Amino acid sequence: MPFPIVLAHGLCRFDVLWNTAPRVDNTDDAALDELHYFRGVRTMLRRRGHRVYHSRVAFAASVEARAEQLATNLQRVLDEARAPQVNVIAHGTGGLDARHMLFNDRTRGRLHERVASLTTISTPHEGSPFADWGLDRFPELPAALRAVLVNIEGLPDLTTAVCRDFNKRPEVQAFEDACQTTIRFQTYAGRQPRPAVIPLLQPAFEIVEAAEGENDDLVSVRSARWRDGYFKGFLENADHLNELVHWDANQLVWGEAASALRARVHAFYAAIAADLP
């Protein structure tokens, strides 16, 4: 049996609006799991014999803060499952949280010795031009929202400059190079042509496309690849929400009903899980 799986959510965990009880994250109730950020994925994987847990880190907080919280999450899973290692499947910014967690913990809890694999799905490893666009035009937005108790301090961490600086730090490069011998790193990218993107995010799609080409409306394929040697392939015809099994009517561009999207994306996660250490 593979090591336990931790599903690490992205920056703006939208289900926090209706999923506020901690017990809902790792519920045994399949109906409640349908309300989760990773819609029904945990239930589906558990039915296939996997031990699966959800992460729970702060909504839109800084990557450094979320990385600390993710480390606590993983330690809890390791203790609860009595497992020597875990596999992490991360969506969006969850992949950046995991990378920072590993790097920051290298001389303390040494969690990098207890992570067997890190799989990222549409993680902005090189940042997102949409974050650049937003902060260029509304630089005071994080402070303004903080004044009304809405935290989006993590948005600057998604800019291309901040991500590039992290990737180019010699100590980060050396650490991640060394980890390749013990951690399986693998990346996937979602991509979707504009007509099938949820209308609310079509402007973001256009911004990212103009800067970096193919994308899932928030993250370009180029950014999601990270290193070419890690890249495993695409989740085709899927925007950032479709990657989480959330259907929208624009998916009918492909003639794909909600049930068909669910089956296809669940199969994608099942294939990843079946091949984990």
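Our subject in this report is the structure included herewith.

Parameters at a glance
The residue numbering used here restarts from 1 in each chain and proceeds along that chain's sequence as written. Confidence filtering applies because this is a predicted model: local features only for residues at pLDDT of at least 70, side-chain atom pairs given and counted only at 80 or more, and all residues used for totals across whole chains, interfaces and linings. Side-chain numbers here rest on the full set of heavy atoms in the structure, without hydrogens or water. Every helix listed is a DSSP run of H or I at least four residues long, and every strand listed is a run of E at least two residues long, numbered separately from the N terminus. For every residue, the accessible area obtained with a 1.4 Å probe (protein chains only) is divided by the maximum for its type, and the residue is called buried under 20%, exposed over 50%, and partly exposed between those limits. Two residues form a contact once any of their heavy atoms are found within 4.5 Å. Take a side-chain nitrogen of Lys or Arg and a carboxyl oxygen of Asp or Glu: if they are within 4 Å of each other, that pair is a salt bridge. Two rings belonging to Phe, Tyr or Trp (six-membered ring only in the last case) form a pair when the distance between their centres is within 6.5 Å. Interplanar angles under 30 degrees mark stacking, angles over 60 mark edge-to-face geometry, and anything in between is tilted. Over a ring means this: the NZ of a Lys or the CZ of an Arg is within 6 Å of the ring centre and within 35 degrees of the ring normal. In these notes, a set of buried Ala, Val, Leu, Ile, Met, Phe, Trp, Tyr and Cys residues joined through side-chain atoms within 4.5 Å is what counts as a nonpolar core. The arc under discussion is defined with respect to the helix axis, by the directions toward the C-beta atoms. Strands were regarded as paired on the criterion that DSSP finds at least two bridges between them. Only the contacting stretch of a helix is used when fitting its axis, a line to C-alpha atoms as for every element, and angles between N-to-C directions run 0 to 180 degrees.

**Brief notes about the overall build of the protein**
- Along the backbone of the protein there are 12 helices and six strands.
- Principal-axis analysis of the C-alpha atoms gives the protein an extent of 45 × 45 × 40 Å.
- When the 277 residues of the protein are sorted by exposure, 55% land in the buried category.
- Taking as baseline every contact in the protein between residues at least 6 positions apart, the subset at least 24 positions apart corresponds to 74%.

**With respect to the pattern of salt bridges**
- Summed over all chains, the structure comprises 22 salt bridges.
- Ionic pairing is found between aspartate 25 and arginine 56, a salt bridge with its closest N-O pair at 2.5 Å. Pair noted here: aspartate 25 is in helix H1 (residues 22-25) and arginine 56 is in the loop between strand E2 (52-54) and helix H4 (63-81), with a separation of 31 residues, a long-range link.
- A salt bridge links glutamate 80 to arginine 76, with the nearest nitrogen and oxygen atoms 3.9 Å apart. Pair noted here: glutamate 80 and arginine 76 are both in helix H4, with a separation of four residues, about one helical turn.

**Some remarks on the packing of aromatic side chains**
- Under the defined criterion, the tally for this structure stands at 12 aromatic pairs.
- Judged by centre distance (6.2 Å) and plane angle (90 degrees), the ring pair of phenylalanine 38 and tyrosine 269 falls under edge-to-face. Here tyrosine 269 lies in helix H12 (residues 258-274) and phenylalanine 38 lies in the loop between helix H2 (30-33) and helix H3 (41-47), a separation of 231 residues in the sequence.
- Its relative accessible area of 0% is what places tyrosine 269 among the buried residues.
- Summarising the aromatic geometry, the rings of tryptophan 226 and tyrosine 230 are spaced 4.8 Å apart at their centres and angled 70 degrees between planes, so their arrangement reads as edge-to-face. For the pair tryptophan 226 and tyrosine 230, a shared accessibility class is recorded, and that class is buried.
- Members of the aromatic cluster, connected to one another through ring pairs, are Phe14, Tyr37, Phe38, Tyr188, Phe268 and Tyr269.
- Cation over ring: arginine 106 sits above phenylalanine 103, and NZ or CZ is 3.8 Å from the ring centre.
- The ring of phenylalanine 234 has arginine 191 lying over it, and the distance from NZ or CZ to the ring centre is 3.5 Å.

**Points about the nonpolar core**
- Leu74, Val88, Met101, Val115 and Phe185 are the most contacted members of the largest nonpolar core, which has 30 residues in total.
- For this core, the secondary structure elements donating two or more residues are strand E1 (5-8), H4, strand E3 (86-91), helix H5 (94-104), strand E4 (115-121) and helix H9 (170-179).
- Per element, the largest residue contribution to this core is seven residues, and it comes from H4.
- The contact partners of valine 115, leaving out residues within four places of it in the chain, are Leu74, Gln85, Val86, Val88, Met101, Leu102, Thr182 and Ile183.
- Judged by nonpolar contacts, the second largest core, of 23 residues, contains Phe38, Val245, Val265 and Ile272.

**Describing the environment of tyrosine 188**
- Tracing the backbone through its elements, the reader meets tyrosine 188 in strand E5 (residues 184-191).
- Accessibility expressed as a relative area gives 13% for tyrosine 188, which makes it buried.
- Each C-alpha atom, one on tyrosine 188 and one on glycine 233, is 5.3 Å from the other, the two residues being 45 residues apart in sequence.
- Sequence-distant contacts of tyrosine 188, defined by excluding residues within four places in its chain, comprise Thr119, Thr120, Ile121, Ser122, Ala224, Phe231, Lys232, Gly233, Phe268 and Ile272.

**A word on helix H10 (residues 202-212)**
- Inspection of H10 places Gln202, Ala204, Phe205, Val208 and Glu212 among the buried residues, and these make up the whole buried set. Projected onto a plane normal to the axis of H10, the buried residues spread over an arc of 150 degrees and lie on a single side.
- Against the buried residues of H10 lie helix H6 (129-137), helix H8 (160-168) and helix H11 (221-225).
- Positive phi appears at glycine 213, one or two residues downstream of H10, with a value of about 85 degrees.

**Here we look at the sheet that holds E2**
- In spatial order, the strands read E2-E1-E3-E4-E5-E6; together these six strands make up an open sheet with parallel pairing. The open sheet has two edge strands with one neighbour each: E2 and strand E6 (231-236). Neighbour to neighbour, the strand axes of the sheet diverge by 20 degrees on average, direction disregarded.
- Pairing between E1 and E2: three bridges, direction parallel. Paired with valine 6 across the strands is tyrosine 53, a residue of E2.
- Together, E1, E3, E4 and E5 form the strand contacts of H5, whose direction differs from that of E4 by roughly 150 degrees.

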